[in-house]
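So the chains spell out like this:
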Amino acid sequence: MKILIVEDDLEAAAYLSKAFREAGIVLDHASDGESGLFLATENSYDVLVIDRMLPRRDGLSVISELRRRNIHTPVLILSALGQVDDRVTGLRAGGDDYLPKPYAFSELLARVEVLGRRKGTPEQDMVYRVGDLELDRLSHTVKRAGKEILLQPREFRLLEYLMKNAGQVVTRTMLLENVWDYHFDPQTNVIDVHVSRLRSKIEKDFDQPLLRTVRGAGYMMKDEAVG
């Protein structure tokens, strides 16, 4: 899942960014309404988390403009204004959920996950298949030949991205940006280590390899049995 947080309180934004990443969620952050509107328009996100009171453009105005542009990404509004009338105003502006401050991160995370599942994704896109390997994005389960494979959150995200791009070479840069949310190369072997662990889990006890290393280019998920 990839989300956008639009929050002008930098300390709160740093806390949320760290907590969401630890939960296995990739994110971008904008510190004002105009920047948030730009990112939400130019990029694809599963959920937008927007603070109501923002500099340059308030949160409700951002949401209304997104809806006017026919962008229907689910929006969760964060606000210190928690009265019934405030919540109703936020929802009528185009928000999908409204969480008053202060809040527990566990509740915020649960609400974001629910909105992410609500996004209008075709059912067939919720399950990725390569050969006899199957990844269910909704239940966060992975099976091969009917046998469940237990993965750590980062391993799941790595496999999800590789399977989403099955049959195509996935470069190191693509993995750093989309799985680790790095926009620079940390010059470590973090990708090699995780790919090695993932390969051992999805290919152990199976004859057919699915995860290929393309020398000098990156990695590819492909069912060799179908050419």
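What you see is a predicted model; the values in this text were computed from it and never measured.

About the cut-offs
- Residues numbered from 1 in each chain as written.
- Predicted model: local features only at pLDDT ≥ 70, side-chain atom pairs only at ≥ 80, totals over all residues.
- Heavy atoms only, no water.
- Pairing = 2+ DSSP bridges.
- Helix = DSSP H or I, 4+ residues; strand = E, 2+ residues; numbered from the N terminus.
- Axes fitted to C-alpha atoms, helices over the stretch in contact; angles between N-to-C directions.
- Salt bridge = Lys/Arg side-chain N within 4 Å of Asp/Glu carboxyl O.
- Buried < 20%, exposed > 50% of the residue type's maximum accessible area, 1.4 Å probe, protein only.
- Core = buried A, V, L, I, M, F, W, Y, C linked by side-chain atoms within 4.5 Å.
- Contact = heavy atoms within 4.5 Å.
- UniProt positions renumbered as here; feature names shortened; annotations may be inferred.
- Polar contact = N/O pair within 3.5 Å; in protein donor to acceptor, adjacent residues only side chain to side chain.
- Right-handed = clockwise from strand over helix to strand, strands pointing away.

By way of backbone hydrogen bonds, the strands of a sheet pair with one another, either parallel or antiparallel. The sheet built from five strands is open, its strands ordered E2-E1-E3-E4-E5 with parallel pairing. One side of each edge strand has no neighbouring strand; the edge strands of this open sheet are strand E2 (26-30) and strand E5 (97-100). Each adjacent strand pair in this sheet contributes to an overall mean axis angle of 20 degrees, direction not counted. In terms of strand pairing, strand E1 (residues 2-6) meets strand E3 (residues 47-51) through four bridges, oriented parallel. Each bridged residue has a counterpart across the sheet, and for isoleucine 5 the counterpart in E3 is valine 49.

Our next topic: the pattern of salt bridges. Following the criterion strictly, the structure yields 16 salt bridges and no others. Ionic pairing is found between lysine 101 and glutamate 7, a salt bridge with its closest N-O pair at 3.3 Å. Placement of the pair is lysine 101 in the loop between E5 and helix H5 (105-118) and glutamate 7 in the loop between E1 and helix H1 (10-22), with a sequence separation of 94 residues. Residue lysine 101 is classed as partly exposed on the basis of its relative accessible area, which comes to 29%. A network of salt bridges, in which partner residues are shared, links Glu34, Arg57, Glu65, Arg68 and Arg69.

Let's shift gears to the nonpolar core. Leu133, Leu159, Leu162, Leu175 and Met221 are the most contacted members of the largest nonpolar core, which has 27 residues in total. Secondary-structure elements contributing two or more residues to this core are strand E6 (127-130), strand E7 (133-136), helix H6 (153-164), helix H7 (172-178), helix H8 (190-203) and strand E12 (218-221). For this core, the element with the most residues is H6, which contributes six residues. Setting aside chain neighbours within four positions, we find methionine 221 in contact with Val130, Leu133, Leu159, Leu162, Met163, Ala166, Gly167, Ile202, Leu210 and Leu211. With 19 residues, the next largest nonpolar core counts Leu37, Tyr45, Leu48 and Leu60 among its residues.

Here, the residues flagged by UniProt with the feature "modified residue: 4-aspartylphosphate" (unreviewed entry) are Asp51. Mapped onto the elements, aspartate 51 comes out in strand E3. Judged by relative accessible area, aspartate 51 falls into the buried class, the value being 5%.

Time to look at the sheet that holds strand E9 (residues 147-149). One open sheet holds the four strands; their spatial order is E6-E7-E8-E9, and the pairing between them is antiparallel. In this open sheet, the two strands that pair with only one neighbour each are E6 and E9. With strand direction ignored, the average angle separating the axes of adjacent strands in the sheet is 25 degrees. Relative to E9, strand E8 (residues 141-144) is paired through three bridges, and the arrangement is antiparallel. By the bridge assignment, arginine 144 is partnered in E9 with lysine 147.

Across the ten residues of helix H3 (residues 59-68), seven count as buried, placing the element largely inside the fold. Within H3, burial applies to Gly59, Leu60, Val62, Ile63, Glu65, Leu66 and Arg67. Buried residues in H3 make contact with helix H2 (33-42), E3, strand E4 (75-79) and helix H4 (84-92). Between a side-chain oxygen at the N-terminus of H3 and the backbone nitrogen of leucine 60 the separation is 3.0 Å; the capping residue is aspartate 58. Just downstream of H3 lies asparagine 70, where phi reads positive at about 65 degrees.

With that settled, consider the pairing of E2. For E2, the tally of buried residues reaches four of five residues, placing the bulk of the element in the interior. Bridge count between E1 and E2: five bridges; the pairing is parallel. By the bridge assignment, leucine 4 is partnered in E2 with aspartate 28. The handedness of the E1 to E2 crossover, carried by H1, is right-handed.

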